[in-house]
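# Structural characterization, general
Okay, here's what each chain looks like letter by letter:
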Amino acid sequence: MSKFQKEIEQLKVLLQESDDFSEIFDYFFERLADREDFLRMCKRAKNPMLKQILKEAGKSALQDEVKMTKFLLLKFPKYPFFHGAFFLNGQMGSLIFFKDINMGLMSISMLPQSIETKFARFRSVAVDVSGDRNVTLAPGGKTLH
């Protein structure tokens, strides 16, 4: 078992079972993201599908059209786990995503307007329509708080 795999596996369990989304992100930051050695192991990644999902989930969470900027996505090596940060309409967001279960969680900090943090848990399903690859959020796969 590689370093941090135990923590990542526990994070995956929390993502699937907990309805306390702040608990999930607290675990992620305390056990993984605040560790320099973990961050050094992660490599920059691209995932256009995930970027599109975040925009759609952000649109639902903010109840408005969204513009995404400064999207930084990192992948833990040899493991289907992504995490990152972004801005939607100027509000800072964070994400975790497990490709093997097509499930993730995003948070959007509403500072400085309020101390509220909005969350969206999502599942993704890739759909091939007329040769074009489209991404949709799975029915019932999105939970907003």
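Quick caveat, the model's predicted, so the values are computed rather than measured.

Thresholds applied
Residues numbered from 1 in each chain as written. Predicted model: local features only at pLDDT ≥ 70, side-chain atom pairs only at ≥ 80, totals over all residues. Heavy atoms only, no water. Buried < 20%, exposed > 50% of the residue type's maximum accessible area, 1.4 Å probe, protein only. Helix = DSSP H or I, 4+ residues; strand = E, 2+ residues; numbered from the N terminus. Arc of directions from axis to C-beta. pLDDT = per-residue confidence, 0-100. Contact = heavy atoms within 4.5 Å. Salt bridge = Lys/Arg side-chain N within 4 Å of Asp/Glu carboxyl O.

### Looking at helix H2 (residues 21-33)
An α-helix turns once per 3.6 residues; consequently, residues spaced three or four apart project the same way. For H2, the full list of buried residues reads Phe21, Ile24, Phe25, Tyr27, Phe28, Leu32 and Ala33. Taken around the axis of H2, the buried residues stretch over an arc of 155 degrees, which confines them to a single face.

### Some points on the confidence of the model for the protein chain
Overall, the predicted model of the protein chain reaches an average pLDDT of 87, with 86% of residues at or above 70. Element-level mean pLDDT values for the protein chain span from 48 in strand E8 (residues 143-144) up to 97 in strand E1 (residues 43-44). Segment residues 134-145 is flagged for pLDDT under 50; beyond a separation of four residues in sequence, or across chains, it makes 40 contacts in the model.

### Description of the pattern of salt bridges
By the definition in use, this model includes six salt bridges. In this structure, the salt-bridge partner of Lys3 is Asp37, at a minimum N-O distance of 2.8 Å. Taken together, the residues Lys3 in the segment before helix H1 (5-17) and Asp37 in helix H3 (residues 36-41) connect sequence positions 34 residues apart. The class of Asp37 is buried, set by a relative accessible area of 19%.

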